[in-house]
Every structure is written in C-alpha cells, then in structure tokens.
Amino acid sequence: LLAGGIALGLVLSRLPVTAATVVLALVPALVLLVLEAGVLPRAMPAYDMRPVGAALSTLERDGFEIAHAGGYAGQYQFAGRLERPLLVLPRDSVATWLAAAPRRAVVTYEQRDRGPGSGQGFTTVLVRPYRDRVVRVLASSTPGESLPVQ
C-alpha cells in the first residue's frame, strides 16, 4: 500500500496539475470498486447476522426458549426481530441448560476447524461463518417448523 502510494506520487509529480487532479479524484473510486468487486463479497457472509436472526426468530415462534453462550451484544435481536431477549449463559453450562428441558435453543461459537460433529449430542439447527469462527445454533429438540436454508 505504501509502495503504491509512492508510485502514485511519482506518476503524479510528472503530470500537469489538471491531469494530476483528475487522477487523484479517480483513485478513491477505483479503490472502492476493487473492494466492492473482490474483497467485500468474500467477507460479507461472516458478518451477516440475518440468517442466524431468521433461524432464532423461527425458533422463538415455535415456542423455544433461546439463550446465548457467553457475552451477548444484542446482534441478533434486530436481525431476527426477536420479541424476547436472549438469556445469557456461561459457556460451561450450555449442555446442562439444554438437557434440562425440551424446546430450548442456544447460540454458541466455535473455532472453524472443529468440524461438523460439534453439536454435543443436541440438534444442530444452523451453522454459519461468524468473523473468524462459526456460530452454531443448538436445540434440545427438533424444531417443528422447517428453518430457512442458508
């Protein structure tokens, strides 16, 4: 990036002022186009809360009590238009809480390399990339309504 800036500066120093101004005006647009076309489409799924929010909304409509393992910043409330707040659980009590009653679901986060067998014996409702990890929604029983496919 620094080398690109230096190269651009050298090119601009040899151009007339009006041409240099035009080039400087077009560079931010070009950078934005490169980001939009190449970088952002690959990064966006890991930051999209809507699929998880939709799954949680369906679970909530099905009468599931929903919890979140660890700290929760409210990222799914708006995305899923949830009517009730999520219960925040310590990570080490997820299995006990899920096993205690039917119609319970919990949002957990895991490292990407854990593989598909990380459901701890519960029903895996949804697995999605989330930042540098995956978000997994586990349920103590199978939801009665089909969830959106992502």
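Everything that follows concerns the structure shown earlier in this document.
First things first, this report covers the structure right here in the doc. (Residues numbered from 1 in each chain as written. Predicted model: local features only at pLDDT ≥ 70, side-chain atom pairs only at ≥ 80, totals over all residues. Heavy atoms only, no water.)

Below, the discussion takes up the overall build of the protein. Check the secondary structure of the protein and you find five helices and five strands. In the protein, the succession of helices and strands from N to C terminus is α-α-α-β-α-β-α-β-β-β. Of all 150 residues assigned to the protein, the portion counted as buried reaches 34%. Across the protein, contacts joining residues at least 24 apart in sequence account for 55% of those joining residues at least 6 apart. For the protein, the computed accessible surface area is about 9,200 Å², with 64% contributed by carbon and sulfur atoms. (Helix = DSSP H or I, 4+ residues; strand = E, 2+ residues; numbered from the N terminus. Buried < 20%, exposed > 50% of the residue type's maximum accessible area, 1.4 Å probe, protein only. Contact = heavy atoms within 4.5 Å. Areas by Shrake-Rupley, 256 points an atom, 1.4 Å probe, with all protein chains shown as cover.)

Either a parallel or an antiparallel arrangement is found when strands of a sheet pair, and the pairing is made through backbone hydrogen bonds. Pairing is mixed in the open sheet, where five strands are placed in the order E2-E1-E3-E5-E4. For this open sheet the edge positions go to strand E2 (87-89) and strand E4 (123-130), each flanked by a neighbour on one side alone. The mean inter-strand angle of the sheet, taken between neighbouring strand axes irrespective of direction, is 25°. Relative to E2, strand E1 (residues 65-69) runs parallel, the two sharing three bridges. For Ala67, the partnering residue across the bridge sits in E2 and is Leu87. Strand contacts of helix H3 (residues 50-61): E1, strand E3 (104-111), E4 and strand E5 (133-139), with the helix running at about 155° to E4, the strand carrying the most contacts. (Pairing = 2+ DSSP bridges. Axes fitted to C-alpha atoms, helices over the stretch in contact; angles between N-to-C directions.)

Note on placement: Ala105 falls in strand E3. Sequence spacing of Ala105 and Pro143 is 38 residues, and the spatial spacing of their C-alpha atoms is 9.5 Å. Among residues more than four places away in sequence, those in contact with Ala105 are Leu59, Phe64, Glu65, Ile66, Ala67, Trp97, Leu98, Leu138 and Ala139.

According to the stated counting rule, one finds four salt bridges in the structure shown. Arg104 is the salt-bridge partner of Glu65, the closest N and O atoms lying 3.3 Å from each other. Linking Glu65 in strand E1 with Arg104 in strand E3, this pair joins segments that are 39 residues apart in sequence. Its salt-bridge partner being Arg133, residue Asp132 comes within 3.7 Å of it at the nearest N-O pair. Residue classification places Asp132 among the exposed positions, given a relative accessible area of 56%. For Arg133, a relative accessible area of 22% puts it in the partly exposed group. (Salt bridge = Lys/Arg side-chain N within 4 Å of Asp/Glu carboxyl O.)

What follows is about the packing of aromatic side chains. Under the defined criterion, the tally for this structure stands at two aromatic pairs. With 6.2 Å between their ring centres and 15° between their planes, Tyr72 and Tyr76 make a pair best called stacked. Relative to Tyr130, the ring of Tyr109 lies with its centre 5.1 Å away and its plane at 45°, an arrangement referred to as tilted. One end of the pair, Tyr109, is in strand E3; the other, Tyr130, is in strand E4, with 21 residues separating them in the sequence. When the ring centre of Phe78 is taken as origin, the NZ or CZ atom of Arg81, which lies over that ring, is 4.1 Å away. (Phe/Tyr/Trp six-rings, centres within 6.5 Å; stacked < 30°, edge-to-face > 60°. Lys NZ or Arg CZ within 6 Å of the ring centre and 35° of its normal.)

Taken residue by residue, a regular strand's side chains alternate between the two faces of the sheet. Of all seven residues making up E5, six are buried, and the element is well covered by its neighbours. The pairing of E3 with E5 spans seven bridges and is classified as antiparallel. Residue pairing for E5: Tyr109 is matched across the bridge by Val135. Of the pairings in the sheet, the one linking E4 to E5 comprises seven bridges and is antiparallel in character. Within the sheet, the bridge partner assigned to Leu126 lies in E5 and is Val137.

Everything listed here is a matter of coordinates, which is why it stays silent on function.
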